[in-house]
Every structure is written in C-alpha cells, then in structure tokens.
Amino acid sequence: MKYTQLGRTGLKVSRLVLGTMNFGPQTDEPTSHSILDAALDAGLNFVDTANVYGWGENKGRTEDIIGTWFAQNGGRRDKTVLATKVYGSMAGDGDPWPNHDRLSALNIRRAVEASLKRLQTDYIDLYQFHHIDRRTPFEEIWQAVDVLIQQGKVLYAGSSNFPGYKIAQANETAARRGSVGLVSEQCLYNLAERRAEMEVIPAAQEYGLGVIPWSPLHGGLLGGVIKKEVEGGRRAGGRSADALANTSVRAQVQAYEDLLDKHGLEPGETALAWLLTCPGVTGPIVGPRTAEQLESALRALELELSEEVLSALDEIFPGPGPSPEAFAW
C-alpha cells in the first residue's frame, strides 16, 4: 500500500479511500465486514462514511455496520483513519422539529455524539461538513468544532462539495480564531468531470487541503460501460445512462474505451490511476459492493500510465483549464 500525508497535516493515509455508502443499502453486514477486513489486510487505512448513509428510514445504518466491525477488535479501530460527515437531516419523515440538520453548533454537537455511538468509538479522525451551510457563520461552526477537538472527540475537520471561495472563507475565519481549519476537501472529480480543476483544487492546494475525489468512475461511466453493454447486454443505469444519452458524451466514452483496449488497460483501474497522478489529490474514494471490486481498485495503485496514454486521455477528456484563463483572457 502507498501512503501520503493528508493535506498539510502529519496524518498518513492510504492513497485509496474505502467508501462505505453501499454498506447497508446494497451490501449486507457480513459482506461489508469482509470488505473492511480485506481493505485493512491490504493496508488501506482510510475509511469514509457519513451519518446519513443507509438513507431513508435507515439513516445511520452504515455507521452502525462500521461500529460492529470495530467492536470485533483485533486493532481495527487503531489501524483505521475514520472519516464521517455531518449536514443532512437525521430526522424521520414527518418529524416537525428543527435543528436536526445543517451546521449549527447544536446540530454539530448532537450529530457527533450520535455518530460516536453508532460507530462504537471515542473519536472521529476526520469530521467533514457534507455541504456548505449558507445560514450558519463559520465563526459558529469553528467554535463548535474547536470544543470537540478540545474534548478529543474530533481530530481534524474537512469539507465536502465546497466551492473554492467557501474553502477560502472557512480557513480565513479559522486562522483569525487560531483554529486549524479545514485539512481536506471531498469533491466530485474524475476524467469526465474536471470542473474542480478551475477553483476547488487550486483553493485546496493554496490552503493545504488534501483533495479526496468522490465518484472516480463517474457513476460507472468510466468503468467500461459500453463494452459491458455490447458483451453482456448489461445496460447502464443512473448517471451513466443519463450521460450516454448524450451522443457527444457517448463518443467520448467510446474513444476512451478504444484507447484503453489498444493499450491493454482496464477502464476502471485506469480512471483511478489517472486521479493518482493529479496534483493535490490525496486519494480517490472507491465504493466496492463486493470483494472482487475492491481487488480491482487496489490494482490501480500499481498501474503506471505512460505519457502517451496520459496525453491521449487529456485529448479525450480535456480539462477546463486554469482559472481565470478558462473564462477570461
């Protein structure tokens, strides 16, 4: 396993992040535990979740599954860098009471305590804001986080889905308070979706945040979706189906698959390996539903992409260019 520092911190994390969003909704508890064990055995020490994972009436289920895995002991918790998130509502359908969502000091305090209980742990390594909260000032957010850090319940704070200006605003506010501020940003970033290169990633690099891309295969679009259609009659669904309905996108994906076929490369592994070459990226989040999918993701760590392949990928999926040149002179 390859490791790197998480942004400007001294924390060492694996260059792949195990995403757990499928644990519960699509992957049962025994299989989820097997995947967690396999990841740890491979040296993957960075596990990402969120309080709302499990979704619907089962919000919190994913954290519960991770908690029962920690409870088996064997050093699991000590070996794991645990990241979870706060923002989404944990109230049940029809619950009229407010203050069960967003980033108020009250909800942050309530959400941390509930996550710690579900996760069966004393502390969270990386506590991430799942979205920006336009209603709550960062002074209030950092006050709440600083208390949690002083109590030992949270070690670091990170963001997710933040625009560049909010990363700057968050960390400038933290600096005025003498707080550590954000150390990571989890954003949508992959070959097919490179807008983060304009503002988000430069802001993250400027402020010393590690970038953690989510959806590295863009909902399966970069995982050989057209080849699977042709060979197995397996039609794309969700984000992939919507994207392939666009003829220009389909042509891009076909060119991508043809390029990799020419070089004997697997699409999903290549998409991950490409992210690992990108400046500022700590490691992409992989969300395996099976042990086999985890094995495929791990192979990406050993994949060396040639300059020829990297140049061809840029031609197929050109980035937006740097800011402000991408939209100005």
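Going by the structure above, here's the rest.
What comes next concerns the included structure.

Here is what the cut-offs are and how they apply
Residues numbered from 1 in each chain as written. Predicted model: local features only at pLDDT ≥ 70, side-chain atom pairs only at ≥ 80, totals over all residues. Heavy atoms only, no water. Helix = DSSP H or I, 4+ residues; strand = E, 2+ residues; numbered from the N terminus. Buried < 20%, exposed > 50% of the residue type's maximum accessible area, 1.4 Å probe, protein only. Contact = heavy atoms within 4.5 Å. Core = buried A, V, L, I, M, F, W, Y, C linked by side-chain atoms within 4.5 Å. Axes fitted to C-alpha atoms, helices over the stretch in contact; angles between N-to-C directions. Parallel < 35°, antiparallel > 145°, perpendicular 65-115°, else oblique. Nonpolar A, V, L, I, M, F, W, Y, C, P; charged D, E, K, R; others polar. Polar contact = N/O pair within 3.5 Å; in protein donor to acceptor, adjacent residues only side chain to side chain.

Let us now look at the environment of V253. Structurally, the position occupied by V253 is in helix 10 (residues 247–263). According to the relative accessible area criterion, V253 is buried, its value standing at 0%. Between the C-alpha atoms of V253 and V225, which are 28 residues apart in sequence, the distance is 8.4 Å. Sequence-distant contacts of V253, defined by excluding residues within four places in its chain, comprise L221, V225, I226 and L244.

As a rule of thumb, nonpolar side chains are buried together in soluble globular proteins. In terms of nonpolar packing, the biggest core is built from 52 residues, with F129, W142, Y189, Y256 and W274 touching the most fellow members. It is helix 5 (residues 138–151) that provides the largest number of residues to this core, a total of 6 residues. In terms of nonpolar packing, the next biggest core, distinct from the first, is built from 23 residues, A39, L44, F70 and L82 among them.

Attention now goes to the packing of helix 2 (residues 61–70) against helix 4 (residues 105–119). Two elements in contact, helix 2 and helix 4, have axes whose closest approach is 6 Å; the angle formed by their N-to-C orientations is 50 degrees. By the criterion of interaxial angle, the relationship of helix 2 to helix 4 is oblique. Across the interface between the two elements, E63, D64, I66, G67 and F70 from helix 2 touch S115, R118 and L119 from helix 4. For the contact of helix 2 with helix 4, the residue count by class is 3 nonpolar, 2 polar and 3 charged.

Structurally, T20 can be placed in the loop between strand 3 (17–19) and helix 1 (29–41). In this structure the C-alpha to C-alpha distance between T20 and D101, which are 81 residues apart in sequence, comes to 21 Å. When neighbours within four sequence positions are excluded, T20 is seen to be in contact with V47, D48, T49, Y53, T62 and I66. Here the side chain of T20 touches D48 through a polar contact of 2.8 Å, landing on its backbone oxygen. A polar atom in the side chain of T20 sits 3.1 Å from the side chain of T49.

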